[in-house]
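Read off the chains here:
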Amino acid sequence: MGNNNQTDDFQQAIKELLSCPKTTELEYGSVSNDNIFQILNIENKELFHSRFLKYLIDNNWDSFIKLFKLNENKNAGKLCSSQCEFFCPAMSDCPKSKNGRIDLYFEAEKYIVAIEVKWRAGEQPTQLLRYHRYLQKSNKQFTLIFLTPTGRSANKTTCSECEKKCSLDNTEYYNLSFAELTKWLGDLEKSNKNGLISQYCEILTKETKNIMNAEKILEMINKADTFKAACALADGMDTVKEQIRTAFFEALTSKLSSLGYDMSKIKPKIYKINHGNNNEEVGRVAYYTNLYCQKGDKWWYIKPEWFKDELNLDPNQQSDKENANENCKINLTKLSGADNPVVKWYFEEDTEKEKMIDNKEKMIDNVAKNILRQLGLNNTH
C-alpha cells in the first residue's frame with residue numbers, strides 16, 4: 001500500500017512539473033557545427049573566458065571603456081598593461097583574508113579596470129572586498145567589475161571576523177552580465193571578420209540561457225519529490241530525443257525512396273543519398289548540432305521553412321558557411337527551440353479530416369523535395 005502511495009505522489013509531482021507556467025519561459029541557444037570553442041571543449045572553463053576577454057579588451061580598450069562608461073567621461077588614457085590572474089595580497093588587518101588573484105587587470109595611464117569572472121564557480125569569502133581595498137591603494141581612479149552570466153550581485157561582500165565589520169556596498173563595484181557583454185561583442189563583430197567573435201557570442205548566448213533556465217527550473221522544483229520527478233524525466237529524455245530523430249530519418253528515407261533515391265546511414269550522424277540502384281553518392285543529409293545537407297564541399301542548413309512549402313532553391317548558391325544566420329538552424333542534437341520543426345513534425349496530428357490533407361506527410365514531403373532541389377537533383381519520380 002505504501003508503494004502505491006509513493007507512486008501516486010510521484011505521478012502527481014510529474015503532473016505539477018509539466019503544468020508549471022514557467023516552462024513557457026525557458027529559452028535556448030545553439031552553437032554552429034564549426035564553433036572552435038566547442039570543438040576544443042573549453043566553453044565551460046573560467047580561465048578560457050578570462051584569457052579570451054583579455055585578448056578582446058586589449059585590442060578594443062577605448063571601445064570597452066566608452067561602452068560601459070567606466071571612466072565617467074574622464075579620459076582613461078592609453079592602456080599600459082593587462083594581466084590574467086593578477087596577484088592581490090591579503091588584507092593585512094583582516095584575520096580572515098587570504099592572498100588571491102584578480103581574474104583580469106587592466107591598467108591605463110589614468111584608470112584601472114579589474115574584473116572578477118564568475119562563470120560557474122562560487123565566490124571566495126571577502127573576495128571582492130579584498131580586491132576593492134587593494135585598488136583603493138592605487139593613485140588612480142578604478143572600477144571593479146563583477147562579471148557573471150546573469151549580472152547578479154556578489155553574495156560574499158561582508159566580513160564580521162573582527163570588530164571593524166567591513167563590507168562592500170553594491171555601488172562600489174559594477175555588476176556586468178555576459179548578456180550585456182554580448183551586445184558589445186556584436187558591435188566589435190561588424191569590424192572583425194575572422195569569425196572568432198561571432199563564435200564566442202554563440203557560446204555566451206547558449207550558456208547564459210542554460211544558466212538562466214536552471215534558475216527558472218529551480219523555482220519550479222520547490223520540493224524534493226518534484227526534483228525526483230524532474231530527474232526521472234531528464235534521464236529519459238536522451239532516449240526520447242533519439243526516438244524522434246530515428247522517426248524523422250526513417251520518414252525522410254521512405255519519402256526519398258518514393259522519389260527514386262536511396263538514403264542510408266554511413267556514420268552515426270551522416271546519411272548518404274544515392275540515385276536509384278546507382279551506388280554513386282549524389283549528396284548527404286547530416287547533423288552535428290544542426291541539420292544540414294551537403295554536396296561535395298558545399299553544404300546548406302535544412303531550414304525551418306523547408307518544412308512548410310516547396311521552395312525555388314538554387315543549388316549554385318554559396319555554402320551556408322558564409323551566409324548562415326541563427327534563425328535558419330535546426331538543432332537536432334538537443335532538439336531545442338520552442339519552434340523546432342522536427343519536434344513539431346513528430347507531434348503533428350496525422351490528418352486534418354475536413355481538409356483531407358495529411359499534414360505530417362506534407363511536411364516530410366516538402367523537406368525531401370527541398371533537399372533534392374538544393375542538391376540540384378530531380379525531385380519527381
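Predicted, not measured: the structure shown is a model, and the values here were computed from it.

So, how was this worked out
- Residues numbered from 1 in each chain as written.
- Predicted model: local features only at pLDDT ≥ 70, side-chain atom pairs only at ≥ 80, totals over all residues.
- Heavy atoms only, no water.
- Pairing = 2+ DSSP bridges.
- Helix = DSSP H or I, 4+ residues; strand = E, 2+ residues; numbered from the N terminus.
- Axes fitted to C-alpha atoms, helices over the stretch in contact; angles between N-to-C directions.
- Contact = heavy atoms within 4.5 Å.
- Patch = residues over 30% accessible without salt bridge, like charges linked within 9 Å, V, L, I, M, F, W, Y side chains within 5 Å.
- Areas by Shrake-Rupley, 256 points an atom, 1.4 Å probe, with all protein chains shown as cover.
- Salt bridge = Lys/Arg side-chain N within 4 Å of Asp/Glu carboxyl O.
- Buried < 20%, exposed > 50% of the residue type's maximum accessible area, 1.4 Å probe, protein only.
- Core = buried A, V, L, I, M, F, W, Y, C linked by side-chain atoms within 4.5 Å.
- Phe/Tyr/Trp six-rings, centres within 6.5 Å; stacked < 30°, edge-to-face > 60°.
- Lys NZ or Arg CZ within 6 Å of the ring centre and 35° of its normal.
- Parallel < 35°, antiparallel > 145°, perpendicular 65-115°, else oblique.
- Left-handed = near helix turned anticlockwise from the far one by under 90°.

Draft legend 1. A look at the sheet that holds strand β4 (residues 141-148). The mixed open sheet is built from 5 strands, whose spatial order is β1-β2-β3-β4-β5. Edge positions in the open sheet fall to β1 (79-88) and β5 (174-177), since each of these has one partner strand only. Between one strand axis and the next, the sheet turns by 25° as a mean value, whatever way the strands run. Inspection of the sheet shows strand β3 (residues 111-117) paired to β4 by 7 bridges, in the parallel sense. Note that in β4 the partner of Y111 across the bridge is Q141.

Draft legend 2. The sheet that holds strand β6 (residues 261-267), seen in detail. The strand order across the open sheet built from 5 strands is β6-β7-β8-β9-β10, with neighbouring strands paired in antiparallel fashion. Of all strands in the sheet, those with a lone pairing partner are β6 and β10 (298-301), marking the two edges. For this sheet the average axis-to-axis angle between neighbouring strands, irrespective of direction, equals 25°. Across 6 bridges, the pairing between β6 and strand β7 (residues 270-275) is antiparallel. Along β7, the bridge assignment pairs M263 with I273. Of the strands in this sheet, β6, β7, β8 (281-287), β9 (291-295) and β10 are in contact with helix α11 (residues 359-374), which crosses β9 at around 35°.

Draft legend 3. Molecular detail of a nonpolar patch on the surface. Judged by side-chain polarity, I36, I39 and L40 come together as a nonpolar surface patch covering roughly 260 Å² of accessible area. Within the secondary structure, I36 sits in helix α2 (residues 36-39). Owing to a relative accessible area of 32%, I36 belongs among the partly exposed residues under this scheme.

Draft legend 4. The nonpolar core, seen in detail. Among the nonpolar cores identified, the biggest contains 34 residues, and W61, V113, I115, L147, F178, L185 and Y200 are the most heavily contacted of them. Among the elements of the structure, α3 (46-59), α4 (61-68), β1, β2 (100-108), β3, β4, α6 (178-189) and α7 (196-220) are those that each provide at least two residues to this core. In this structure, M263, W306, L335 and L375 belong to the second largest nonpolar core, which totals 33 residues.

Draft legend 5. Just the environment of D262, in detail. If you trace the backbone, D262 turns up in strand β6. When its relative accessible area of 36% is taken as the criterion, D262 is described as partly exposed. Residues D262 and H275 lie 13 residues apart in sequence; the distance between their C-alpha atoms is 6.1 Å.

Draft legend 6. Fine view of the pattern of salt bridges. On inspection of all chains with the given rule, the structure shows 12 salt bridges. The partner of E107 in a salt bridge is K140, and the shortest N-O contact between them spans 2.9 Å. On the criterion of sequence distance, the pair formed by E107 in strand β2 and K140 in the loop between α5 (127-136) and β4 is long-range, its members being 33 residues apart. On the accessibility criterion, E107 (23% relative accessible area) is partly exposed. Between E281 and R284 there is a salt bridge, with its nearest N and O atoms 2.8 Å apart. Since its relative accessible area comes to 36%, E281 is described here as partly exposed. Residues participating in the shared-partner salt-bridge network are K255, E310, E361, D365, K369 and R373.

Draft legend 7. Region of interest: the environment of A368. Assignment of secondary structure puts A368 in helix α11. For the pair A368 and L252, spaced 116 residues apart in the sequence, the C-alpha separation amounts to 6.4 Å.

Draft legend 8. Highlighting the packing of aromatic side chains. Counted under the stated rule, the structure contains 18 aromatic pairs. Between F52 and Y55 the ring centres are 5.7 Å apart and the planes differ by 35°, which places this aromatic pair in the tilted class. On the criterion of helical spacing, the pair formed by F52 and Y55 is a turn pair, its members being 3 residues apart in helix α3. Centroid distance W299 to Y301: 5.0 Å. Interplanar angle 85°. Geometry classified as edge-to-face. The exposure class assigned to Y301 is buried, which follows from its relative accessible area of 2%. Among the aromatic side chains, those forming a connected cluster through ring pairs are F248, F249, Y271, Y287, F307, W345, Y346 and F347. It is K360 that lies over the ring of W345; its NZ or CZ is 5.0 Å from the centre. Lying across the ring of Y346, K360 places its NZ or CZ 5.2 Å from the centre.

Draft legend 9. The packing of α6 against α7, seen in detail. Orientation of α6 relative to α7, taken along the N-to-C sense of each, is 160°, at an axis distance of 10 Å. By the angle class used here, α6 and α7 are roughly antiparallel. Handedness of the crossing formed by α6 with α7: left-handed. Residue-level inspection shows F178, T182, L185, L188 and E189 of α6 in contact with α7, the latter providing I197, S198, Y200, C201, L204, T205 and T208.

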